[in-house]
Amino acid sequence: MGMFEVSLIVLAVLFTALASGLWVALALTLTALAALLTRPALPDAQILATSFWSASTSWDLTALPMFIWMGEILFRSKLSEDLFAGLSPLMRRLPGRLVHVNVVGCAIFAAISGSSAATTQTIGKISLPELKQRGYDDRIAIGSLAGAGTLGLLIPPSIILIAYGAAVEQSIARLFIAGVVPGIVLALLFMGYVALVATLKPSLMPPEADVIAPESAFRSFRRILPTILLIAGVIGSIYGGIASPTEAAVIGVVLALVITAAQGMLTRANFIESLMAATRVSAMIAFILAGAAVVTTAMGFTGLPRELAAYISSLELSPLALLAALTLFFMVLGCFLDGISMVVLTTSVVMPLVTEAGFDLIWFGIYLVIVVEMAQITPPVGFNLFVIQGLTGQNIFRIAVATAPFFGLLALMVVLLALFPDLALFLPRTMFSGG
């Protein structure tokens, strides 16, 4: 059977399985089986079992449930209230005032949750009612939250970077550190846009009479100090070579438990609820990664990625042209799949092209996450849009319109990353450990 026929069979099985509502992991497994059946001489069952087992026992994945649990613990704490109360007095002198709390709050919470949806939900449930009550325009409040909420995918510890690192066998520690500078730059772009809008259209902001409880900068900073110490403990230990991502995740869980206990929120019910939620999410992601590993192995046996890479090479596209094509491809795919599924689903086919073009795989991981962030706020299935719809009850397309400028800033970040690769690669080169 030729490669064209094999590719048709694989695509037909995959899209049929996904369209039927089958779990992504099972859809991937069926696709792998269909690919293997095109090569009758192969021991299908043995290949499936071996790939599943190898993917499920990867040491890199041990950081995954711990970081997820850390986020779940803090999701049930008073962290979001403290962030809003602590950041509000610090942001009030900037053009755009409290709208910046959305961006900075999301950036800080992203550094302890690893999830875009959790970041958007946690910050939004406090900030949106406050901004509405104080008279801020809905569009800028919603747009800034949706855009900044995507930072949960980029700023470490990022769950999607763990999935990418496991799928392409790259250092998760280096991927984490590579996301720091692009995450900060993206947050600054969001803040710059908010300040520009506040300057050009002051009517979108409430008058200066917008009341903020008087509080000294020191008292405000003290409210967010535990969160900053938690971030320093996790990211600093990885960057300094003191701890691996898995060990840093354990440090994060311990600090999260201490913070939650100090707030009086560490009840038996909250503890069990956070543990069960982390178990469910971790099992789902691990199952998807196992399915992706099977597809990768099956694709290797069919030779399809190698043939596709050779075909793309024959087109003699420049690296930038290939990157533009991949960006469009991932944006379209992101309209139908969640971020983790999108990353693991495309690994077996895209990675040979990326390697052939000479892209650094650490850099490509950061690029890919930013494109996935764009998909998070793209209708019809941008997940952050659904989270905000649940918080506000507004029409999802109205939310998408409010988010459009921040989508443009994410696209600008992709361009900046392509033009200045060291945005992602400088810090990993300076790490004290090989990761």
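Residues numbered from 1 in each chain as written. Predicted model: local features only at pLDDT ≥ 70, side-chain atom pairs only at ≥ 80, totals over all residues. Heavy atoms only, no water.

**Let's talk about the overall build of the protein**
Within the protein, the secondary structure is distributed over 21 helices and 0 strands. Relative to the 2.2 N^0.38 estimate, which gives 22 Å for 435 residues, the radius of gyration of the protein is 22 Å and therefore close to what a compact globule would have. By principal-axis analysis of the C-alpha atoms, the protein measures approximately 75 × 45 × 45 Å. The proportion of buried residues among the 435 residues of the protein is 53%. (Helix = DSSP H or I, 4+ residues; strand = E, 2+ residues; numbered from the N terminus. Rg over C-alpha atoms; globule rule 2.2 N^0.38 Å. Buried < 20%, exposed > 50% of the residue type's maximum accessible area, 1.4 Å probe, protein only.)

**Brief notes about the packing of helix 19 (residues 383-392) against helix 20 (residues 396-419)**
Packing of helix 19 against helix 20 brings their axes to within 10 Å, and their N-to-C directions diverge by 115 degrees. Crossing angle aside, the handedness with which helix 19 passes helix 20 is right-handed. On helix 20, the residues touching Leu 385, Phe 386, Ile 388, Gln 389 and Thr 392 of helix 19 are Ile 396, Ile 399, Ala 400 and Thr 403. Per-class residue counts for the contact of helix 19 with helix 20 are 6 nonpolar, 3 polar and no charged. (Axes fitted to C-alpha atoms, helices over the stretch in contact; angles between N-to-C directions. Left-handed = near helix turned anticlockwise from the far one by under 90°. Contact = heavy atoms within 4.5 Å. Nonpolar A, V, L, I, M, F, W, Y, C, P; charged D, E, K, R; others polar.)

**What to know about the nonpolar core**
Ranked by internal contacts, the top residues of the largest apolar core, which has 138 residues, are Phe 364 and Tyr 367. By residue number, the principal contributor to this core is helix 18 (residues 361-376), which donates 12 residues. Those residues in contact with Phe 364 that lie beyond four places of it in its chain are Tyr 164, Leu 326, Phe 330, Val 350, Met 351 and Val 354. (Core = buried A, V, L, I, M, F, W, Y, C linked by side-chain atoms within 4.5 Å.)

**Comments concerning unusual backbone geometry**
Residue Pro 157 is bonded to the preceding Pro 156 through a cis peptide linkage, with omega at 0 degrees. Note that Pro 157 resides in the loop between helix 8 (138-149) and helix 9 (159-168). Even without glycine at this site, Glu 169 takes up a positive phi of about 60 degrees. Following the sequence through the fold, Glu 169 ends up in the loop between helix 9 and helix 10 (172-178). The class for Glu 169 is exposed, based on a relative accessible area of 70%.

**Let's talk about the side chain of Thr 327**
Mapped onto the secondary structure, Thr 327 falls in helix 16 (residues 319-334). Taking the relative accessible area as the measure of exposure, Thr 327 reaches 11% and is therefore buried. For Thr 327, the residues in contact, after removing those within four places along its chain, are Tyr 367, Val 371 and Val 414.

**Here's the deal with a nonpolar patch on the surface**
Side chains of Leu 22, Trp 23, Leu 26 and Leu 30 sit close together on the surface and give an oily, nonpolar patch of about 380 Å² of accessible area. Topologically, Leu 30 is positioned in helix 2 (residues 24-37). Residue classification places Leu 30 among the partly exposed residues on the basis of a relative accessible area of 41%. (Patch = residues over 30% accessible without salt bridge, like charges linked within 9 Å, V, L, I, M, F, W, Y side chains within 5 Å. Areas by Shrake-Rupley, 256 points an atom, 1.4 Å probe, with all protein chains shown as cover. Salt bridge = Lys/Arg side-chain N within 4 Å of Asp/Glu carboxyl O.)

**As for the environment of Leu 8**
Checked against the element boundaries, Leu 8 lands in helix 1 (residues 3-19). Overall, the relative accessible area of 47% leaves Leu 8 in the partly exposed class. As for Leu 8 and Ala 178, which are separated by 170 residues in sequence, their C-alpha atoms are 37 Å apart.

**Remarks on the packing of aromatic side chains**
Across all of its chains, the model carries 8 aromatic pairs by this definition. Ring geometry for Phe 67 versus Phe 176: centroids 5.6 Å apart, planes at 70 degrees, classification edge-to-face. Residue Phe 67 is found in helix 4 (residues 63-75), and its partner Phe 176 is found in helix 10; the two are separated by 109 residues along the sequence. When sorted by exposure, Phe 67 lands in the same class as Phe 176, which is buried. Aromatic pair Trp 363 and Tyr 367: ring centres 5.7 Å apart, planes at 5 degrees, arrangement stacked. (Phe/Tyr/Trp six-rings, centres within 6.5 Å; stacked < 30°, edge-to-face > 60°.)

**Details of the side chain of Arg 76**
Along the chain, the position of Arg 76 falls in the loop between helix 4 and helix 5 (79-91). Among the polar contacts made by the side chain of Arg 76, one reaches the side chain of Glu 273 at a distance of 3.4 Å. (Polar contact = N/O pair within 3.5 Å; in protein donor to acceptor, adjacent residues only side chain to side chain.)

**Quick word on the confidence of the model for the protein**
Of all residues in the protein, 90% attain a pLDDT of 70 or more, and the chain-wide mean is 81. Helix 15 (residues 304-314) is the least confidently modelled element of the protein, averaging 69 in pLDDT, while helix 11 (residues 180-200) averages 93, the highest of any element. (pLDDT = per-residue confidence, 0-100.)

**A word on helix 18**
In this model, helix 18 (16 residues) spans 22 Å end to end at C-alpha, consistent with the 22 Å of a helix rising 1.5 Å per residue. Where helix 18 begins, the capping side chain belongs to Asp 360, and its oxygen is found 2.7 Å from the backbone nitrogen of Ile 362. (Expected span 1.5 Å × (residues − 1).)

**Let's talk about the packing of helix 5 against helix 6 (residues 99-113)**
In contact at an axis separation of 9 Å, helix 5 and helix 6 are set at 135 degrees when each is read in the N-to-C sense. Overall, the two elements helix 5 and helix 6 adopt an arrangement that is oblique. When you trace helix 5 past helix 6, the crossing you get is right-handed. Here Leu 79, Leu 83, Phe 84, Leu 87, Ser 88 and Met 91 of helix 5 come into contact with helix 6, specifically with His 100, Val 101, Val 104, Gly 105, Ile 108, Phe 109 and Ile 112. Of the residues in the contact of helix 5 with helix 6, the class split is 10 nonpolar, 3 polar and no charged. (Parallel < 35°, antiparallel > 145°, perpendicular 65-115°, else oblique.)

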